[in-house]
Structure formats: structure tokens, C-alpha cells
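Letter by letter, the chains look like this.
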Amino acid sequence: MDAIVLLKDDHKTVEKLFKEFENAGERAYKKKRELVDQIIEELTAHAHIEEQIFYPAARESVPETSGHVLESVEEHHVVVWMLSELAKLDPKDERFDAKVTVLIENVRHHVEEEEQEWFPQVREAMGRKRLQELGEEMEKAKPAAPRDPLALSSART
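Computed from a predicted structure; not experimentally measured.

A. Here's a closer look at the overall build of the protein. Counting its secondary structure elements, the protein contains 4 helices and 0 strands. When its helices and strands are written in sequence order, the protein yields α-α-α-α. Across the 157 residues of the protein, 45% fall into the buried class. Put simply, of all contacts in the protein between residues at least 6 apart along the chain, 79% involve residues at least 24 apart. Working note: accessible area of the protein is about 8400 Å², and carbon and sulfur atoms make up 50% of it. Counting 23 positive and 35 negative side-chain charges, the protein places the centres of these two groups 5 Å from one another.

B. Up close: the packing of aromatic side chains. Going through the model one piece at a time under the given rule, you end up with 6 aromatic pairs. Judged by centre distance (6.3 Å) and plane angle (45°), the ring pair of F21 and F96 falls under tilted. In this pair, F21 is assigned in helix α1 (residues 3-22) and F96 in helix α4 (residues 96-141), connecting sequence segments 75 residues apart. Neither residue differs from the other here; F21 and F96 are each classed as buried. Taking 5.6 Å as the distance between ring centres and 90° as the angle between the ring planes, the aromatic pair formed by F54 and W118 counts as edge-to-face.

C. Examining the pattern of salt bridges more closely. In this structure the tally under the stated criterion is 15 salt bridges. Measuring nitrogen to oxygen at the nearest pair gives 3.6 Å for the salt bridge that ties E20 to K31. Placement of the pair is E20 in helix α1 and K31 in helix α2 (residues 29-61), with a sequence separation of 11 residues. Judged by relative accessible area, E20 falls into the partly exposed class, the value being 27%. For K31, a relative accessible area of 39% puts it in the partly exposed group. Of the charged contacts in the structure, one is a salt bridge between E34 and K30, with a shortest N-O distance of 3.1 Å. Taken together, the positions of E34 and K30, both in helix α2 and 4 residues apart, correspond to about one turn of that helix. Here the residues in one salt-bridge network are E15, K19, E22 and R108, joined through shared partners.

D. Highlighting the side chain of K99. By the secondary structure assignment, K99 is in helix α4. For K99, the side chain forms a polar contact with the side chain of E85, separated by 2.7 Å. Setting aside anything within four residues of it in sequence, one finds K99 in contact with M82, E85, L86 and L89.

E. Summary view of the side chain of S84. Looking at the secondary structure, you find S84 in helix α3 (residues 66-88). Here W81 takes part through its backbone oxygen, which lies 2.8 Å from a polar atom of the side chain of S84.

F. Just α4, in detail. Spanning 46 residues, α4 covers only 31 Å between terminal C-alpha atoms, well under the ideal 68 Å at 1.5 Å per step. Along its length, α4 shows its largest kink, about 105°, at G127.

Reading the values: the criteria
Residues numbered from 1 in each chain as written. Predicted model: local features only at pLDDT ≥ 70, side-chain atom pairs only at ≥ 80, totals over all residues. Heavy atoms only, no water. Helix = DSSP H or I, 4+ residues; strand = E, 2+ residues; numbered from the N terminus. Buried < 20%, exposed > 50% of the residue type's maximum accessible area, 1.4 Å probe, protein only. Contact = heavy atoms within 4.5 Å. Areas by Shrake-Rupley, 256 points an atom, 1.4 Å probe, with all protein chains shown as cover. Lys, Arg positive; Asp, Glu negative; His and termini not counted. Charge placed at Lys NZ, Arg CZ, Asp CG, Glu CD. Phe/Tyr/Trp six-rings, centres within 6.5 Å; stacked < 30°, edge-to-face > 60°. Salt bridge = Lys/Arg side-chain N within 4 Å of Asp/Glu carboxyl O. Polar contact = N/O pair within 3.5 Å; in protein donor to acceptor, adjacent residues only side chain to side chain. Expected span 1.5 Å × (residues − 1). Bend = angle between axes of the 7 residues up to and from the residue.

Distances and angles like these do not, on their own, reveal function.
This is the structure we're talking about:
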């Protein structure tokens with residue numbers, strides 16, 4: 001699987017979880033907790049493989065995207081702190097839904113920028129073979145990715 005396809009598949013998985021959360025109902029506390037736990041796991045693993053494998057390779061292959069990489073890491077920084085807060089927050093807390101809504105808005109913005117503005121440049125510069133090699137490396141790294149959002153390098157920047 002090519003690296004960009006893998007990342008887009010992750011984006012689709014998370015978007016599906018977001019929609020389930022948005023449709024869960026105001027008092028579906030147990031369901032919301034389960035969904036947020038899945039969102040935390042998915043986004044943490046995704047951010048890890050992006051930060052450790054994809055971003056450095058993209059930055060090397062397409063130096064003009066360095067600014068985008070730096071912006072993406074800062075967006076991850078905001079998201080991982082929100083994820084760490086949500087991991088401890090009771091779904092009955094009045095701030096829970098609002099915090100998830102802000103998380104969803106941030107992630108959707110990040111995904112849109114990557115998929116519309118950045119991935120096409122990276123695909124063109126890297127080529128199919130390199131993206132497939134990178135995708136395999138990312139697939140292998142994903143199961144060992146940290147599960148704690150604060151363990152990500154972007155949490156410390």
C-alpha cells in the first residue's frame with residue numbers, strides 16, 4: 001500500500017468515527033466514551049507514523065513543503081493535548097461534547113489541507129515506488145505506535 005493511500009484510509013476511518021459521535025445522541029454517554037477512546041487510539045497511531053516516517057521523508061523529497069510539515073506538527077500538538085484531556089474527561093461533563101466538536105473541527109481542517117494542498121505535491125515528487133516503500137514501513141510501524149497521545153513527539157514541541 002502506498003503511504004498516501006494509507007494516510008487517506010486512516011482519515012476515512014477517523015471521519016467515520018466522528019460521524020458516529022455526531023449522530024450518537026445527547027445522552028449516549030457510554031457510546032460516546034467508546035467512540036472517543038477509538039478516536040484517541042486511531043489519531044495517536046496515525047500521528048505517530050506521520051511524524052516519525054512520512055513527514056521526514058516528505059520534507060526530504062519535497063523541501064518546499066517544510067513549512068507545511070512544521071504547521072502539521074503544530075496542528076498535531078494541539079490535537080494530542082485535546083486527546084489527552086478527553087481520555088480523562090467524563091462523557092457526562094458539560095465540556096466533553098464541546099471539546100470533541102473542537103477536536104473534530106481541527107482534524108477535519110488538517111485532513112483537508114493535507115489531502116488537497118500537500119499530498120498531491122508529495123505524490124508527484126516521490127513517485128509510486130518510493131510511496132509504496134514508505135507505506136510498507138508505516139504499516140509495519142503502526143501496531144507498535146504509542147497509545148498515549150502525550151508520548152508523541154508533537155506533544156513536546
